[in-house]
Amino acid sequence: MEIVLTVIAKDRPGLVETISETITKNSGNWVDSSMARLEGQFAGILSVSVPEAAIESLTSDLESLGNEGIEIQVRTGSEKQEIPSGRYAHVELTGADHPGIVHEVSRTLSKFGVNVEALKTEIFSASMSGTPMFSAQAEIFVPADLEIGTLTDELEMIANDLMVEIELRDDH
């Protein structure tokens, strides 16, 4: 059976080892994960395959890690979903940082039924001026009935409003 864990804790050496030890001790297998350190906190989401008979024990042991400052939520994986028709694409965005960039881009994507599969953002200083710059990379899933050109046009319109550069690359 697949379970999904979300993890947050103050970052420290040995954190992943503690979590993986708990999973292994309960006959679990670490399958897939995405984790990062942000503002001194460690956060992640991971998928674990575990025998059904060990789920209760694993869940209990993971929850007890709260005593060590490691907050973990456990969710049972959903049934395998039918894969919709469509294609993957990649969005890259760069521009001067200001509030609302993620909201406007995600609203546009949602309006067209596009799903954000993965998102990485950061703020950095421009090399010459030191101006705060915003960068985002997103992996998206575009429905089969949506022309990439239509989505590109819409993103270019909001890019002008947001004063950012947006590039959409069809990954198929």
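Reading the values: the criteria
Residues numbered from 1 in each chain as written. Predicted model: local features only at pLDDT ≥ 70, side-chain atom pairs only at ≥ 80, totals over all residues. Heavy atoms only, no water. Phe/Tyr/Trp six-rings, centres within 6.5 Å; stacked < 30°, edge-to-face > 60°. Helix = DSSP H or I, 4+ residues; strand = E, 2+ residues; numbered from the N terminus. Buried < 20%, exposed > 50% of the residue type's maximum accessible area, 1.4 Å probe, protein only. Contact = heavy atoms within 4.5 Å. Pairing = 2+ DSSP bridges. Axes fitted to C-alpha atoms, helices over the stretch in contact; angles between N-to-C directions.

Some remarks on the packing of aromatic side chains
Think of a pair of aromatic rings as described by two things: how far the centres are apart, and how the planes are tilted against each other in angle. Applying the stated rule across the entire model yields one aromatic pair. Centre to centre, the rings of tyrosine 88 and phenylalanine 141 are 4.9 Å apart; their planes meet at 70°, and the pair counts as edge-to-face. A residue pair is termed long-range when its members are at least 10 positions apart, and tyrosine 88 in strand S5 (residues 86-96) and phenylalanine 141 in strand S7 (residues 132-143) qualify at 53 residues. Using a relative accessible area of 10% as the deciding quantity, one classes phenylalanine 141 as buried.

Focus on the side chain of serine 47
By the element assignment, serine 47 lies in strand S3 (residues 41-49). In this structure, serine 47 is in contact with Glu2, Ile3, Asn29, Trp30, Val31 and Asp32, ignoring residues within four places of it in sequence.

Regarding the sheet that holds strand S4 (residues 70-76)
Backbone hydrogen bonds hold the strands of a sheet together, and the pairing may be parallel or antiparallel. One open sheet accounts for four strands, arranged S2-S3-S1-S4; its pairing is antiparallel. The sheet is open, and its two borders are formed by strand S2 (29-38) and S4, each paired with just one other strand. Looking at each pair of strands side by side, their axes are set apart by 15° on average, direction ignored. Note that strand S1 (residues 2-10) and S3 share nine bridges and pair antiparallel.

A look at the sheet that holds S7
The strand order across the open sheet formed by four strands is S6-S7-S5-S8, and the pairing between neighbours is antiparallel. Looking at the sheet topology across the chains shown, the edges are occupied by strand S6 (115-125) and strand S8 (164-170). Pairwise comparison of adjacent strand axes, ignoring direction, gives a mean angle of 15° for this sheet. With 11 bridges joining them, S5 and S7 adopt antiparallel strand pairing. In the strand pairing of S7, histidine 90 is matched with glutamate 139. Packing of helix H4 (residues 148-162) onto the sheet brings it into contact with S5, S7 and S8, and relative to S8 it is tilted by some 165°.

Just geometry here; none of it tells us what the structure is for.
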